[in-house]
Amino acid sequence: MQIVIGLLLATVGIFHCQASPPRYTFVVEETPYKRLCSTKNILTVNGQFPGPTLYVHAGDTIVVDIYNKGNRNITIHWHGVKQLRNPWSDGPDYITQCPIQPGARFTQTIIFSSEEGTLWWHAHSQWDRATVHGAIVIYPKKGATYPFPKPHAEFPIILGEWWKEDIGQLYNETIQSGADANASNAFLINGQPGDLYPCSKPDTFKLKVDYGKTYLLRLINSAVQVMTFFAIANHNVTVVGSDASYTKPFSTDYVTISPGQTIDLLLNADQIPNNYYIAAKAYVGGVGIPTDNTTATAILQYHGNFSSSPTSLPNIPSHNNTNASVHFTSKLKSLADKNHPVDVPQMITTPLFFTISVNLLPCPNNSCAGPNGTRFAASVNNISFVNPTIDILQAYYYHVNGVFGTRFPNFPPLLFNFTAPNLPLYLLPTKRATEVKILEYNSTVEIVFQGTNIVAGDDHPMHLHGFSFYVVGWGLGNFDKDKDPLTYNLVDPPLQNTIAVPVNGWTTIRFKANNPGVWFMHCHIDRHMSWGMDVTFIVKNGKGPGAQISPPPQGMPPC
């Protein structure tokens with residue numbers, strides 16, 4: 001296992017045992033951080049924000065001991081790691097585990113397989129991933145190389161959000177009131193807002209480069225509530241990977257990246273040596289959504305004897321430019337060469353059609369803070385997911401009755417013009433339930449995600465745990481079951497774990513259900529997930545030991 005010794009020994013406790021996987025220590029704790037002229041305590045891992053970067057090779061297994069020394073329950077998810085047959089360490093609370101309570105410890109085993117590139121880890125409880133997150137760098141297997149010239153150096157670039165308010169307090173206020181969440185007060189690049197915000201200029205993140213050399217930027221969007229546009233003034237970047245899978249290279253002057261998504265970029269330092277702005281700002285396709293319209297900045301700094309101020313900001317698309325967003329996403333294609341073949345399911349055994357909607361629920365005496373005294377909810381096929389009191393994985397494994405139902409519908413209960421500008425009021429409410437979708441082992445699954453305009457349309461970055469999937473098609477408006485499949489890319493579609501369903505549009509994914517266990521699928525905009533835009537899949541065991549859920553580890557957190 002390749003380890004950047006200086007960084008890891010400084011940031012992560014490591015204990016090597018020749019016969020055991022590398023072991024890391026994550027201590028979740030309150031740490032004071034100053035941003036935007038004021039200091040507040042935030043949850044961190046090992047006192048760092050962003051948290052420590054993990055470095056592994058494809059196919060490695062590591063062990064992480066998590067100690068919760070914070071003041072509330074926590075779980076950690078290894079975003080994009082398939083965790084073959086090992087859902088016990090996947091992390092979403094009340095899906096695969098009960099939360100780690102303050103003062104408790106839980107040891108997670110993280111099993112890497114075919115992932116190669118950039119992933120990340122983050123809290124998967126309430127909205128704590130706003131500050132509890134970090135990068136995962138997955139190098140090729142030992143002896144293998146990148147499918148592009150080796151860069152001079154590599155840098156994780158983590159985009160995020162900052163609230164002056166405590167994120168736990170914000171979550172509680174939002175859930176209790178039923179209102180939409182307050183927009184953030186700033187965006188961040190590697191934990192810093194940049195010099196366009198008050199009290200922030202001295203700490204602006206600087207990316208230092210040498211003229212003529214090439215750098216690999218491992219871009220991660222850890223933002224809690226928004227998609228993001230990203231660009232570097234006077235520079236194009238070359239996209240070479242997304243979600244730990246290589247892509248056909250293409251050059252671009254901006255990037256659209258969803259919450260949860262990772263994109264690998266090659267940067268050629270080929271401009272006149274100077275200081276150039278790096279910038280990130282929100283993309284919000286929906287109308288009437290609370291939006292932080294500020295811009296985070298960092299500085300691309302060429303080595304040299306000059307002291308000029310940064311150039312002007314890069315030309316980033318406007319915050320509501322849906323065409324720019326989908327134009328970038330549509331250019332992602334799998335590398336699809338002899339060393340990185342694609343395996344798109346051709347014959348589908350399990351076709352699913354999922355409508356994803358923002359809804360409203362009535363409140364007694366119109367007492368909530370949503371529109372007309374209601375509260376916000378969200379749904380998939382008109383079911384708003386409700387967390388059970390014990391986690392679904394343990395209930396499934398130990399045959400505990402009454403925790404969840406198994407009647408999640410394959411298709412929406414009502415067919416209507418999903419993206420019409422004015423929809424009838426009877427569509428606003430949704431059913432609240434804890435229903436799961438059962439998948440047969442090795443079944444081939446196609447999901448058409450259809451966005452709707454109930455309450456208001458929005459982009460929905462959908463993330464599936466336990467699998468990567470091929471994104472074979474997308475479009476704006478309503479999906480046409482006769483015409484749209486004719487446009488599918490079944491040759492070199494991108495292999496991802498997070499994909500944005502465009503506002504009032506549709507996206508189709510395919511995967512093979514060959515990873516037995518309990519796996520969560522949800523919108524990675526956290527307020528939508530908290531409102532119930534979630535589905536839990538149970539992939540049944542197949543025949544043979546390689547097709548069975550691994551036994552549970554000792555020390556699973558109690559509920």
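Please read these numbers as outputs of a predicted model, since none were measured by experiment.

Enquirer: Hey, could you run me through the UniProt feature "domain: Plastocyanin-like" (unreviewed entry) in the protein chain in this one?
Expert: With numbering aligned to this structure, UniProt lists the feature "domain: Plastocyanin-like" (unreviewed entry) at residues 28-142, 154-305 and 412-542. Segment residues 154-305 splits into 7% helix and 47% strand. End C-alpha atoms: 24 Å apart.

Enquirer: How should I be thinking about the pattern of salt bridges in this particular structure?
Expert: Side chains that differ in charge, positive against negative, can pair when their charged atoms come close. Tallied over the entire structure, the rule returns 13 salt bridges. The shortest N-O distance in the salt bridge between arginine 218 and glutamate 154 comes to 3.0 Å. One end of the pair, arginine 218, is in strand S13 (residues 214-221); the other, glutamate 154, is in strand S10 (residues 153-162), and 64 residues separate them in sequence. We classify arginine 218 as buried; its relative accessible area is 1%. When the shortest N-O distance is used, the salt bridge between glutamate 440 and lysine 540 registers 3.0 Å. Here the residue glutamate 440 occupies a position in the loop between strand S25 (436-439) and strand S26 (444-451), and lysine 540 occupies one in the segment after strand S33 (534-539), the gap between them amounting to 100 residues. Its relative accessible area of 32% is what places lysine 540 among the partly exposed residues.

Enquirer: Mind showing me how you'd approach empty space enclosed by the protein here?
Expert: Gaps between atoms show up when a probe of the same size as a water molecule is rolled over them. Inspection of every chain in the model, using the stated rule, returns six cavities of 30 Å³ or more. Reported here for the largest cavity is a volume of approximately 90 Å³. Broken down by class, the residue content of the lining of the largest cavity amounts to seven nonpolar, four polar and four charged. At the level of elements, strand S3 (38-45) and S10 are the ones that each hand at least two residues to the lining of the second largest cavity. Among the elements that line the lining of the second largest cavity, the one with the most residues is S3, at four residues. Within the lining of the second largest cavity, the residues separate by chemical class into six nonpolar, two polar and four charged. Split by domain, the lining of the second largest cavity shows at least three residues from each of two domains, domain 1 (14-145) and domain 2 (147-332).

Enquirer: Would you explain the state of the cysteines in this entry?
Expert: As used in these notes, a disulfide is a covalent bond between sulfur atoms, one from each of two cysteines. Scanning all chains against the criterion turns up three disulfides. One disulfide in the model links cysteine 37 with cysteine 199; its S-S distance is 2.0 Å. Disulfide cysteine 37-cysteine 199: the torsion about the S-S bond is 95°, which places it as right-handed. In this pair, cysteine 37 sits in the loop between strand S2 (23-35) and S3 while cysteine 199 sits in the loop between strand S11 (186-189) and strand S12 (206-209), placing the two residues 162 residues apart along the sequence. Cysteine 37 sits in the partly exposed class, given a relative accessible area of 37%. With its sulfur 1.6 Å from that of its partner, cysteine 98 forms a disulfide with cysteine 559. Placement of cysteine 98 in the loop between strand S6 (76-79) and strand S7 (105-111) and of cysteine 559 in the segment after S33 is noted, with a sequence separation of 461 residues between them.

Enquirer: So what exactly am I meant to see when it comes to the sheet that holds strand S18 (residues 262-268) here?
Expert: To summarise the sheet geometry, strands pair through backbone hydrogen bonds and adopt either a parallel or an antiparallel arrangement. Read across the sheet, six strands follow the order S11-S10-S13-S18-S15-S16 without closing on themselves; strand pairing throughout is mixed. Edge positions in the open sheet fall to S11 and strand S16 (245-252), since each of these has one partner strand only. Neighbouring strand axes in the sheet, compared pairwise and without regard to direction, differ in orientation by 25° on average. Pairing analysis gives four bridges linking S10 to S11, with the strands arranged antiparallel. Residue pairing in the sheet places glycine 160 in a bridge with leucine 188 of S11.

Rules used throughout
- Residues numbered from 1 in each chain as written.
- Predicted model: local features only at pLDDT ≥ 70, side-chain atom pairs only at ≥ 80, totals over all residues.
- Heavy atoms only, no water.
- UniProt positions renumbered as here; feature names shortened; annotations may be inferred.
- Helix = DSSP H or I, 4+ residues; strand = E, 2+ residues; numbered from the N terminus.
- Salt bridge = Lys/Arg side-chain N within 4 Å of Asp/Glu carboxyl O.
- Buried < 20%, exposed > 50% of the residue type's maximum accessible area, 1.4 Å probe, protein only.
- 1 Å grid on protein atoms, 1.4 Å probe; cavity = no way out; pocket = protein on both sides within 12 Å on 5 of 7 lines; lining within 4 Å.
- Points joined across faces, edges and corners; volume = space filled by probe spheres on them.
- Nonpolar A, V, L, I, M, F, W, Y, C, P; charged D, E, K, R; others polar.
- Domains from an automatic or database assignment.
- Disulfide = S-S within 2.5 Å.
- Pairing = 2+ DSSP bridges.
- Axes fitted to C-alpha atoms, helices over the stretch in contact; angles between N-to-C directions.

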